[in-house]
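# Chain and residue survey
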Amino acid sequence: MAPLEILARSTSIRSPPVSFQDTRVWNPQVTISNTVKYVPEWFPRASFEQKARGLRIKMTEDAYLVTKARLYLSGRGTATPSLTSFALEAIDHTQDVVEQEKFIKVASVGACLASSDTTVTALGAFIIAMEPEAQIKAHRELEKVLGPGDLPSFSDESTLPYITAIVREILRHHSVNPLGLPHLLIQDDIYEGCFLPKGSIVIANICEEEYLEPERFNPSRFLDSDGKLNPDVKDPATAFGFGRRPGKHVAIASLWIAVASILTCYTIESELDENEKPIKPKGEWYSGPTLLNRPLPFKCRVIPCSRDVEASLGASLS
Ligand code: HEM
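Remember, predicted model here, so these are calculated numbers, not experimental data.

Moving on: the overall build of the chain. The helix and strand tally for the chain stands at eight helices and nine strands. Counting all 318 residues of the chain, 21% fall into the buried class. Partitioning the contacts of the chain with sequence separation of at least 6, the portion at a separation of at least 24 is 71%.

Listed below in structure tokens is the structure:
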């Protein structure tokens, strides 16, 4: 059995514990399913394996087939532009189409699974963290840059550094996936004098603690005295793990536009008790069998910033 090396350090990691090029993500499910596939179906709980296989096929095929049908069969090209639709349109018909389709399916379902829970978790952490001070600063910046009734767009990014700072602070303050994914060494390695044989499973501690007052949610830590992004303050990109990170740019863009849009339209306030006193969210996190550090449900009030927002919200709800 492969030795298990856990490199979880209480202090911050300035560089990856091992060169992550020499690893691959360790998937315990592969090991488990390789064993379970020999268990006969009548065996108690063995039908789980079959159910899981069915779900996996459904998950991989269904969305793909819907997109393909909308793109080619409807005759009207009704597919919403997406990773899947762009990849389908880019298929090289002079090459092996089945193989290309296989990659498109896996990439599409992988992106969907890897992005949904993580991004929603980060947005939950954002809502919990929204103290009045940060919101006042964000509202001021947004009002200065956007015209009345305008929603932010990616072209506003360079003029909204405080929004970018909020996104960095969300990723720094609340580690969505604090231990990343377990990695399996594909060759021997040495880390700080410690020999790690091929086959070891390495788990990195992603939590950043090299900032002043790390417990405090303070987006301004990423800005200089002129309110611009300070290149000398470390970008908490390790929130996405080490090496080439497939989803980092999609995730940061999704968080940025969501944070900018929410704060353009709303103020987030604590829920009130029966005496109209604010009840701060307890900041409790799900501690079940998951890799993600997800907030438990909490109550808050989402208050439209203007009558226009209220009216358009009313229209969209009706
Ligand atoms: C706030 C959002 C996100 C956070 C905090 C996050 C964080 C992480 C972390 C920590 C890992 C494990 C890295 C490792 O230990 O090797 C990971 C893996 C991964 N993420 Fe994300 N992620 C986010 C969003 C996304 C999005 C939007 C996508 C795709 C569009 C994505 C795709 C992936 C994939 C494919 C892997 C597995 C990579 C591999 O096999 O090496 N993630 N993510």
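Take the sheet that holds strand E9 (residues 300-304) next. If you walk across this open sheet you meet the three strands as E8-E7-E9, and the pairing is antiparallel. Since the sheet does not close on itself, it has two edges, and those belong to strand E8 (278-279) and E9, each with one partner.

Further remarks concern the site of the ligand. The environment of the ligand is formed by 20 residues, the closest being Ala114, Ser115, Gly180, Gly241 and Gly247. Those elements that place two or more of their residues in the shell around the ligand are helix H4 (97-129) and helix H7 (248-265). Ranked by residue count, the leading element in the shell around the ligand is H4, at seven residues. Considering only residue class, the shell around the ligand consists of 12 nonpolar, eight polar and no charged.

In terms of nonpolar packing, the biggest core is built from 34 residues, with Ile163, Ile166, Val167, Ile170, Leu255 and Val259 touching the most fellow members. Of all elements in the fold, only H4, helix H5 (132-145), helix H6 (161-173), strand E6 (201-204) and H7 reach the threshold of two or more residues within this core. Sequence-distant contacts of Ile170, defined by excluding residues within four places in its chain, comprise Ala122, Ala125, Phe126, Ala129 and Leu255.

Helix length check: H6 (13 residues) gives 18 Å between terminal C-alpha atoms against 18 Å at 1.5 Å per residue, within 8%. Counting buried positions over the 13 residues of H6 gives 12, a clear majority of the element. All of the buried residues along H6 are Tyr162, Ile163, Thr164, Ala165, Ile166, Val167, Arg168, Glu169, Ile170, Leu171, Arg172 and His173. Here the buried face of H6 lies against H4, H5 and H7.

Conventions used here
Along every chain, residues carry numbers that run from 1 in the direction the sequence is written. With the structure being a predicted model, the display of local features is reserved for residues of pLDDT at least 70 and the display and counting of side-chain atom pairs for 80 or more, all residues being used for whole-chain, interface and lining totals. Each helix corresponds to a stretch of at least 4 residues labelled H or I by DSSP, and each strand to a stretch of at least 2 residues labelled E; elements are numbered beginning at the N terminus. With C-beta atoms placed from the backbone, a residue is buried if 20 or more other C-beta atoms are within 10 Å of its own, exposed if 12 or fewer are, and partly exposed between those counts. Remark: residues whose backbone-derived C-beta atoms lie within 7 Å of one another are considered to be in contact. Each pair of strands is called paired provided DSSP finds at least two bridges between the two strands. The rule is simple: place the C-beta atom from the backbone, and if it lies within 6 Å of a molecule or strand, the residue is near it. Each residue is assigned to one of three groups, with Ala, Val, Leu, Ile, Met, Phe, Trp, Tyr, Cys and Pro labelled nonpolar, Asp, Glu, Lys and Arg labelled charged, and all others, Gly among them, labelled polar. Buried Ala, Val, Leu, Ile, Met, Phe, Trp, Tyr and Cys residues whose C-beta atoms connect them within 7 Å together make up a nonpolar core. An expected span of 1.5 Å times one less than the residue number is assigned to each helix.

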